[in-house]
Amino acid sequence: MPEEIEKQKEEWKRSTVEPLLHRHPERKKEFVTGSDKPVDRLYFPGDYSQAEYLEKLGFPGQFPYTRGVQPTMYRGRLWTMRQYAGFGTAEESNQRYRYLLEQGQTGLSVAFDLPTQIGYDSDDPRAEGEVGKVGVAIDTLNDVEILFDGIPLDKISTSMTINAPAAILLAMYIAVAEKQGVGKVHLRGTIQNDILKEYVARGTYIFPPEPSMRLITDVFAYCSREVPLWNTISISGYHIREAGSDASQEVAFTLANGIEYVRAAIQAGLDVDAFAGRLSFFFNAHNDLLEEVAKFRAARRVWARIMKERFHATDPKSMMLRFHTQTGGSTLTAQQPDNNIVRVAIQALAAVLGGTQSLHTNSREEALALPAEESVRLSLRTQQILAYESGVTSTVDPLAGSYYLEALTDRIELDVWQYIDRIEALGGMIPSILKGYVQKQIQEAAFRTQRDIEKGERVVVGINKFQMEEKKPQELLRVDPAVHQLQIEKLSQVKARRNDSRVREALEQLREGAKAKDVNLLPLILEAVREYATLGEICQLLRDEFGEHRETIVL
Amino acid sequence: MAVKKIRILIAKPGLDGHDRGAKFIARALRDEGYEVIYTGIRQTPEAIVQTAIQEDVDFVGLSLLSGAHNELFPRVVDLLAASGAEDIVVFGGGIIPEEDIPSLKAKGVAAIFGPGTTTKQIVEFLESARERS
Amino acid sequence: MDLVTEVRRGNLRAIARTISLIEDLEPEAEVLVDALYPFTGRSRILGVTGSPGAGKSTLVDRLITLERHRGRKVAVIAVDPSSPFSGGAILGDRLRMQTHATDPGVFIRSMASRGFLGGIAAATGDVIKVLDAAGYQSIFIETIGVGQTEIKIVELSDVVLLVLMPGTGDEIQAMKAGVMEIGDIFIINKKDLPGADKLRTEVEYVLSFKNSVQAAGRGDGDSEGVSNPILMTSAVQDDGIEALQEVIESYATEIESAGRLAEKRRYRLERELLGILNRKVHELMDVHIEVSKQLPEWAERLYRRESRPYSLINEQIRSFLEERKSD
């Protein structure tokens, strides 16, 4: 801190602050961020010389991208308003997508049910009670055709939250586009395809790490040649944060996963600049507004350095961290659900001030159920009001230069490098996961947070402060249990119509490919889905060849 | 010098992989002096029941956030009864709409703890259930 | 329910309930154990110990599968420590064995150490008898290998599997007194990790030293003792497990025919009887002298130098014996 300011700061403390504190102590002994990090009373100009400004902040659209990945950001184009949606049958979800697009949403985001995410067909005994509940049920290409009925795939970009079977859903999407007459080369969208975070935070893994990485790098390679506009992975921190990590850990573990994927792809023979430009990220937006904004900026700075210095990328696109944000589900309360509307607005603001490329905003009753139409419309309006009325989109990185914000950004960056170094010392992300290091960090943070809430040290309005008696929530969305039966019938009809011998042949080819280590499985999967092989059939085959991952880390 | 320890099985039935809440409860109950058997995610009702019997637990706590509770919770209760273990008390937590609670209770789930539940509330339930038996 | 009959019939609830009675130190537990005792002696008891994270549970999980292939019923007792603060415990070992949860031929029971005087050994020994009488031919006892429990496992098992892993300083641990003594079969798990071969060499070295000491002790250069096998495995990848099972089979057969198994079992029974005796005497004294209640007062007297340690205790014992005489 510049000398003269330092001197006067001491004077200010003595003459102005101390006297007041005697009469009027502060509300708390210590103030902390949402991640339990200390917050000072006041922040001052750092020692940022011009050189440091240029090194650490620079300009948007240029390395290190701290201030944003595009030079004009929202002045040029607003973020994509992309509400995660899906439930029940493909028909119902299709209706919801059309509604959202009519209401001004600019991209699709597909939620799949758990059996689909874990590679089971709707008629599998393991699917009992789960069909269509947390997302749409997809068993065959037929379902995907219905899902996108009336939606032109050359005009819309689609994000699919699917991980272990991502390659299969991508293949189905490509096949549907084919039927619409749209070539793969025009397709825009994302598959989440991020298996590493499944092992530590989300739980929808199928295969062990090694074969899973193979599937992922197959997707990278295939898309770099055939589907060049497609984001092949959405390296996610959202779920890590939801599992209980703090902000620095959210970034650190996500970028560490990113390092693992880049390494795997390079080992598989890909040139870094051939695929890295199509990697994308997915972060959370929690309640501590300024910490969240700082987090996004720190993430961009660190990733740019990693790609340039560690992996020697030369294409600027390879160094840009582009990300989608979802507001934090775990911050929402079942009590006084209207409060959630306010929380989401603050979180969405954080994402926008942080320079997100696309945004999902949660709805008021999401602690209880999937959102009803009115609720999801309001969430969309939240984004639209931010975009058109709040003024924060008129300039790029508006909060830069705030002493507090820059201090936070620097502090988070430091934390992230420390975690990444620790993980490297353990041998990389996969050994760190197998040893339980990552899970332990997340669980410790989660445990502390919950304890603090129960002790009342961390206030959650409506839960441990400002509680009230409430009427029961009305008209929550319910997924009709009949969906299960409907889906089973649909599935058997598709099986009856398809050419069984062609299916068998395609599956056999796939099995051969899976056994061989150097065959790209995408074209083989595409063949199988075209013949209406089911998701469950394909995944069972891969389970046979690759094995199944089993949870080993306890607490 | 008999010392009876309360044993609780915390289980996640079905495909839901969100285990933050279950892990917190397991740890919190351990800190309250209970012996907690935690079996991880993706347990079938059959596995849960066999585990409960072998471990001779007093309570089974089911955690579920995927909406499959109306199918899976009663299944656990029924299987316990079929194996002659209806004395094991079943409770549940997670994302369970209030309107589903009466029917779950009618089917034998002793209590449902929704979002915002504190450890204290669960301990109160366990201790009063213990007294009654 | 007649627990004894039901246990022998293999009724899972009965077995589980009986185990609970033993764990909870209920008075009827003694009666049950004695009633079941004549039907024991047919099981092979395998102790599995080693440092946390070495992969014991995963290894046992794989061995269960192989035992089942051989048509054997398998039981597992997985011991985890109780919290010294709250007395509670998280018992998570079975998470790694849950694929066997619905196999009627597999019984898995998690036990907390409960920190009692004689606690784990007493309870576990009796629990083994229940499972033995219930017809489980292979019984695995899995404990964390730190401190006292690790020595206890020798007193409970026919064969002890010591599981090590590279890169955790197990090399140094291996040298520490006692640890190497307790293992019959040494397993280096996670063999794909760096340092595996180094660890193996070190284990071999220490074992050769131990074997020559033993041979010297017997006064012959001939190895009359059975040598300790060392194996490399990767449980997670199912690598080396079949070989391990073969080695366990042949080791067990060898010590049986060499008379070593009978020797071990007799020794074990001695230790067990001693344990019961100690426990009972302590209980007896506790009831009649009310040790727990009086202890603070005695300590206070000593603190004030108003009493002397041995005279105080001897006085208590003398008056106890007096009382008994007059009964």
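Residues numbered from 1 in each chain as written. Chains lettered and ligands numbered in written order. Predicted model: local features only at pLDDT ≥ 70, side-chain atom pairs only at ≥ 80, totals over all residues.

Caption draft 1: Region of interest: the overall build of chain A. Helix and strand content of chain A: 23 helices and 10 strands. In terms of its C-alpha atoms, chain A occupies a principal-axis envelope of roughly 90 × 60 × 45 Å. When each of the 555 residues of chain A is scored for burial, the buried share is 50%. At a minimum sequence separation of 6, the contacts of chain A that also span at least 24 residues come to 77%. (Helix = DSSP H or I, 4+ residues; strand = E, 2+ residues; numbered from the N terminus. Buried ≥ 20, exposed ≤ 12 C-beta atoms within 10 Å, placed from the backbone. Contact = placed C-beta atoms within 7 Å.)

Caption draft 2: Region of the structure containing helix H23 (residues 535-546) of chain A. All names here are of chain A. End to end, H23 covers 16 Å across 12 residues, agreeing with the expected 16 Å (1.5 Å per residue, within 8%). Buried residues of H23: Leu 535, Gly 536, Glu 537, Ile 538, Cys 539 and Leu 542, and no others. Among the residues trailing H23, Gly 547 stands out with phi positive, at a value near 85°. (Expected span 1.5 Å × (residues − 1).)

Caption draft 3: Representation of the interface of chain C and chain B in the model. The partner chain B presents 30 residues to the 28 residues of chain C that form the contact. Those elements that place two or more of their residues in the side of chain C that touches chain B are helix H2 (12-23), strand S3 (89-91) and strand S4 (106-112) of chain C. No other element matches H2 of chain C, which puts 6 residues into the side of chain C that touches chain B. Here strand S2 (residues 35-38) of chain B pairs with S3 of chain C via 3 bridges, running parallel. Bridge pairing in S3 of chain C links Ile 37 of chain B to Leu 91 of chain C. (Pairing = 2+ DSSP bridges.)

Caption draft 4: How the structure looks around the sheet that holds strand S4 (residues 158-161) of chain A. In spatial order, the strands read S2-S3-S4-S5-S6 (chain A); together these 5 strands make up an open sheet with parallel pairing. Of all the strands in the sheet, just strand S2 (84-85) and strand S6 (230-231) of chain A have a single pairing partner and so form its edges.

Caption draft 5: Representation of the packing of helix H4 (residues 56-69) of chain C against helix H10 (residues 241-257) of chain C within the structure. Residues and elements named next belong to chain C. Direction vectors running N to C along H4 and H10 enclose 70°, while the axes themselves pass 10 Å from each other. The angle between H4 and H10 falls in the class roughly perpendicular. In this structure, the crossing between H4 and H10 has a hand that is right-handed. Between H4 and H10, the contacting residues are Arg 62, Leu 63 and Leu 66 on the first element and Ile 241, Glu 242 and Gln 245 on the second. The residue makeup of the contact of H4 with H10, split by class, is 3 nonpolar, 1 polar and 2 charged. (Axes fitted to C-alpha atoms, helices over the stretch in contact; angles between N-to-C directions. Parallel < 35°, antiparallel > 145°, perpendicular 65-115°, else oblique. Left-handed = near helix turned anticlockwise from the far one by under 90°. Nonpolar A, V, L, I, M, F, W, Y, C, P; charged D, E, K, R; others polar.)

Caption draft 6: Broad picture of the sheet that holds strand S6 (residues 159-164) of chain C. Residue and element names in this part refer to chain C. Judged by pairing direction, the sheet is parallel, and its 7 strands sit side by side in the order S4-S2-S5-S1-S6-S7-S8 without closing on themselves. Of all the strands in the sheet, just S4 and strand S8 (230-232) have a single pairing partner and so form its edges. Across the sheet, the mean angle from the axis of one strand to that of its neighbour is 20°, orientation sign disregarded. As defined by bridge partners, strand S7 (residues 185-188) adjoins S8 across 3 bridges and the pair is classed as parallel. Within S8, the position partnered with Ile 188 by the bridge is Met 232.

Caption draft 7: Region of interest: the environment of Pro 166 of chain C. Residue and element names in this part refer to chain C. Among the structural elements, Pro 166 can be located in the loop between S6 and helix H7 (170-175). With 22 C-beta atoms packed within 10 Å, Pro 166 lands in the buried category. Measuring from C-alpha to C-alpha, the distance between Pro 166 and Lys 280 comes to 43 Å, with 114 residues separating the pair along the chain. Once residues within four sequence positions are removed from consideration, Pro 166 is found in contact with Ile 188, Lys 190, Leu 193, Pro 194, Gly 195, Ala 196 and Leu 199.

Caption draft 8: Representation of the pairing of strand S4 (residues 89-94) of chain B in the model. Residues and elements named next belong to chain B. Within S4, 5 of the 6 residues are buried, leaving the element largely enclosed by the surrounding structure. Of the strand pairs in this sheet, strand S3 (residues 59-64) and S4 are connected by 6 bridges, and their pairing is parallel. Paired with Phe 59 across the strands is Val 89, a residue of S4. As a crossover connection, the stretch from S3 through helix H3 (residues 69-82) into S4 is right-handed. (Right-handed = clockwise from strand over helix to strand, strands pointing away.)

Caption draft 9: Inspection of the environment of Gln 103 of chain A at higher detail. All names here are of chain A. Inspection of the secondary structure puts Gln 103 in the loop between helix H4 (90-102) and strand S3 (108-111). By C-beta crowding, Gln 103 is classed as partly exposed, having 15 other C-beta atoms within 10 Å. Once the C-alpha coordinates of Gln 103 and Leu 380 are considered, the two residues, 277 residues apart in sequence, prove to be 8.2 Å apart. Residues contacting Gln 103, with those up to four places away along its chain left out, are Arg 377 and Leu 380.

Caption draft 10: Layout of the pairing of S3 of chain A. All names here are of chain A. Residues Leu 108 and Val 110 of S3 are buried on one face, and the alternating residues Ser 109 and Ala 111, pointing to the opposite face, are buried as well. Handedness of the crossover is the feature at issue here: the chain leaves S2, passes through H4, returns alongside S3, and the resulting connection is right-handed. Summarising the sheet, S3 and S4 pair through 4 bridges and their orientation is parallel. In the sheet register, Ser 109 faces S4, and the bridge partner there is Ser 159.

Caption draft 11: Just the domain arrangement of chain A, in detail. All names here are of chain A. Along its sequence, chain A is carved into domain 1 (50-455) and domain 2 (489-546). The C-alpha centroid of domain 2 is placed 29 Å from the C-alpha centroid of domain 1. On the side of domain 2, 18 residues touch domain 1, which itself brings 28 residues to the contact. Looking at the side of domain 1 that touches domain 2, its residues break down into 18 nonpolar, 5 polar and 5 charged. (Domains from an automatic or database assignment.)

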